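Structure assessment
Below, each chain spelled out in residue letters.
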Protein chains: 2
Amino acid sequence: MPQSATNQGGPAPAGTVGAATAVAWDGVADLLRAGGLRWTPQRRTLVDVLKEHEGHVTATELIARCRELDRTTTPSTVYRTLDVLEEFGLVAHGHGPDGREEYHVLPEQVHGHLYCSGCGATWEIRPETGAAIVDALAADLGFSVDLSHVTISGRCRGCHDSPTD
Amino acid sequence: MPQSATNQGGPAPAGTVGAATAVAWDGVADLLRAGGLRWTPQRRTLVDVLKEHEGHVTATELIARCRELDRTTTPSTVYRTLDVLEEFGLVAHGHGPDGREEYHVLPEQVHGHLYCSGCGATWEIRPETGAAIVDALAADLGFSVDLSHVTISGRCRGCHDSPTD
DNA sequence: CTCGCTATTGCAACTAATTGCGCTTGGGGC
DNA sequence: GCCCCAAGCGCAATTAGTTGCAATAGCGAG
C-alpha cells in the first residue's frame, strides 16, 4: 500500500482553512466549560495536536502525536476526548476504507470521502456531487444521508487502469 | 441500539436467492482446485455456514457459527478463507457503520448499502440509484466507484424525525 | 499406494478500539 | 484560600482483526 496521501489540493479542493480555524479552537476551553465539562491538560494536548492537523487524521496518528507532546497520554483518554469534541462539532469521525477510525478536523461543511485503492489517496467529495448522491437516495426510499460518515472506495482517474490491486 | 434487522424485502428488494445459489456453492471445491488451491475441511465448514447465510453477515457471526459446527475453528483461518472466497467473487466484504467487517454472500450484482442510525436496519441501494452515484462521481473527477464496498449511513423514512440519536 | 511439494492451518503475538472501575483533580461555591 | 464532588483520568481487561512462522496435510505425480 502506498503512502496515504491526503489529496486535498487536487480535483476537489477542500474548504479553505486558516485564520478562522484558529479562532474556533481558541474558544474550546470556554465551550467545554459552558457545557459543564472540564478543560484538562490532556484535552489541551489533543487540541494542540488537532490544530496542526487540518484535514483528515486517523485516531492512531493523533494518539502518536499526543504521545510526542505528552509521554503519558493514554489511548482511552484520546478516544474519549475525541467523542466529546465530536459532540461540539469540532471533529467528525468516519471510517477509512479498511474500517479504521478516521477523524475530520473542523468539518466546515459536511462532506464525504473518496478513497483510491490504487494509490491510497483520498479526496473530498465536492458539495455539488455530494448533493447529487443525497438526492438520489432521498428519491429512492426517502433516506436522508449523513454524508460526513461516508467513505467510498474505487480508483481515481490516474489509477483507473493500473493493475495495482 | 435496536437489533440490526436486514431489511432486504423492503423498499429495495434484494436479488432473489434460491436454487441458483446452491449451484454456485456446489462448484467451489473444483473452482478452488482449478486455481491450484485446496479444498480443506475448514473451508468446507465455512462454505456450509455461508450457504445458510444468504445476505449479510459479520465476520464475527461467521466465526461463531463455524465454531458451532467445528469446535476447533480458528479466526485467522476463517478470515483467510474469506479472503480467498472474495477473490472468486463468492463473497464481498465491506464495513458496517461502526467499521466492523461485514460480508455479503453471493453478491449477484454489485450493490452498496444503507444503514439507518435510527432503527439499525440496512437496505441495499437499488442498482439504478447506485448507478446515479457512480455517474455523479465519474463526472466529478473521473473516479470509478467500487460500490460493493460502500455503506452509507443516515436515517430511513420511518426514523426521519425520531430523536433516537 | 507412497512421496513430495507447497498451500493451509493453528498458534501466538500484536495493533486498533472500547469499556468498567477506582483514584485524581478542575473549578464553582463558600 | 479551601472544600467538595462529579467530570475525567489511567489502568487493565476485552473484542475484532491481522500477521509471521513452524507444523500439517491436500492432491497430483510416479
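Residues numbered from 1 in each chain as written. Chains lettered and ligands numbered in written order. Predicted model: local features only at pLDDT ≥ 70, side-chain atom pairs only at ≥ 80, totals over all residues. Heavy atoms only, no water.

Attention now moves to the overall build of chain A. Counting secondary structure elements, chain A contains 6 helices and 7 strands. Starting at the N terminus and walking to the C terminus, you meet the elements of chain A as α-α-α-β-α-α-β-β-β-β-α-β-β. A total of 165 residues make up chain A; the buried ones form 45% of that total. Within chain A, counting contacts between residues at least 6 apart in sequence, those at least 24 apart form 58% of the total. Summed over its atoms, the accessible surface of chain A is roughly 8200 Å², and 52% of this surface lies on carbon and sulfur atoms. (Helix = DSSP H or I, 4+ residues; strand = E, 2+ residues; numbered from the N terminus. Buried < 20%, exposed > 50% of the residue type's maximum accessible area, 1.4 Å probe, protein only. Contact = heavy atoms within 4.5 Å. Areas by Shrake-Rupley, 256 points an atom, 1.4 Å probe, with all protein chains shown as cover.)

What follows covers the nonpolar core. One finds Ile152 of chain A together with Ile152 of chain B to be the most contacted residues of the largest nonpolar core, which totals 30 residues. Those elements that provide at least two residues to this core are strand 4 (113–116) and helix 6 (127–141) of chain A together with strand 4 (113–116) and helix 6 (127–141) of chain B. What Ile152 of chain B contacts, discounting residues up to four positions off in sequence, is Ile133, Leu137, Phe143, Val145 and Val150 of chain A together with His113, Leu114, Tyr115, Ile125 and Ile133 of chain B. (Core = buried A, V, L, I, M, F, W, Y, C linked by side-chain atoms within 4.5 Å.)

As a further point, take the confidence of the model for chain A. Mean pLDDT over chain A works out to 81, with 82% of the residues at or above the 70 mark. pLDDT under 50 marks residues 1–16 of chain A. Its contacts with residues more than four places away, or in other chains, come to 31 contacts. (pLDDT = per-residue confidence, 0-100.)

A few words now on the pairing of strand 4 of chain A. Residues and elements named next belong to chain A. Alternating positions in strand 4 separate into two faces, His113 and Tyr115 on one and Leu114 and Cys116 on the other, with burial throughout. Here 3 bridges tie strand 4 to strand 5 (residues 122–124), and the two strands are oriented antiparallel to one another. Bridging across to strand 5, His113 finds its partner in Glu124. Linking two consecutive strands that pair antiparallel, namely strand 4 and strand 5, is a turn of 5 residues; a positive phi of about 80° is found at Gly120 within it. The sheet contact formed by strand 4 and strand 7 (residues 151–155) spans 4 bridges and is parallel. Following the sheet pairing, Cys116 is matched in strand 7 by Gly154. (Pairing = 2+ DSSP bridges.)

Another aspect to go through is the relation of the copies chain B and chain A. Superposing chain B onto chain A takes a rotation of 179° plus a shift of 0.1 Å along the axis, which leaves an RMSD of 0.2 Å. Such a combination of rotation and displacement between the chain copies is what one expects of a two-fold axis. Relative to the rotation axis, the C-alpha of Gly99 of chain B is the closest in chain B, positioned 2.3 Å from it. The fraction of interface residues of chain B whose copies in chain A are also interface residues reaches 100%, indicating that both copies meet through the same surface. (Least-squares fit on C-alpha atoms with pLDDT ≥ 70 in both.)

Residues and elements named next belong to chain B. Helix 4 (residues 59–69) packs onto helix 3 (residues 41–51) with a crossing angle of 115° between their chain directions and a minimal axis gap of 9 Å. When you trace helix 3 past helix 4, the crossing you get is right-handed. Within the contact between the two elements, helix 3 uses Thr45, Leu46, Asp48, Val49 and Leu50 and helix 4 uses Leu62, Arg65, Cys66 and Leu69. Looking at the contact of helix 3 with helix 4 residue by residue, the class counts come to 6 nonpolar, 1 polar and 2 charged. (Axes fitted to C-alpha atoms, helices over the stretch in contact; angles between N-to-C directions. Left-handed = near helix turned anticlockwise from the far one by under 90°. Nonpolar A, V, L, I, M, F, W, Y, C, P; charged D, E, K, R; others polar.)

Let us now look at the protein's contact with DNA strand D. Of all residues adjacent to DNA strand D, which total 21 residues, the nearest are Arg38, Arg43 and Thr77 of chain A together with Arg38 and Tyr79 of chain B. Counting only the atoms of DNA strand D that lie within 4 Å of the protein, the sugar and phosphate share comes to 71%. Contacts to DNA strand D include Thr40 of chain A, whose side-chain N or O atom sits 2.9 Å from a phosphate oxygen. In this structure, Trp39 of chain B approaches DNA strand D through a main-chain N or O atom, which is 2.8 Å from a phosphate oxygen. When residues of the surface near DNA strand D are traced back to their parent elements, those giving at least two are helix 3 (41–51) and helix 5 (75–87) of chain A together with helix 4 and helix 5 (75–87) of chain B. Residues that form the surface near DNA strand D fall into these classes: 4 nonpolar, 9 polar and 8 charged. (Near = heavy atom within 4 Å. Polar contact = N/O pair within 3.5 Å; in protein donor to acceptor, adjacent residues only side chain to side chain.)

Taken together, 20 residues lie around DNA strand C, and Tyr79 and Glu101 of chain A together with Leu37, Arg38 and Arg43 of chain B are the ones closest in. Residue Glu101 of chain A places a main-chain N or O atom 2.8 Å away from a phosphate oxygen belonging to DNA strand C. At the level of secondary structure, the elements contributing two or more residues to the surface near DNA strand C comprise helix 4 (59–69) and helix 5 of chain A together with helix 3 and helix 5 of chain B. Among the residues making up the surface near DNA strand C, the classes are represented as 4 nonpolar, 8 polar and 8 charged.

This brings us to the interface of chain B and chain A. Bring the parts together and some accessible area is lost; that lost area is often taken as the interface size. Each side of the interface is counted separately: chain B has 33 residues, and chain A has 33 residues. Contact with chain A buries area across many residues of chain B, yet Asp140, Leu141 and Phe143 of chain B alone supply 22% of it, more than any other trio. The interface formed by chain B and chain A holds 7 residue pairs in polar contact (both at pLDDT 80 or more) in total. Where the side of chain B that touches chain A is concerned, the elements lending two or more residues are strand 4, helix 6, strand 6 (144–145) and strand 7 (151–155) of chain B. (Buried area = accessible area lost by both parts, 1.4 Å probe.)

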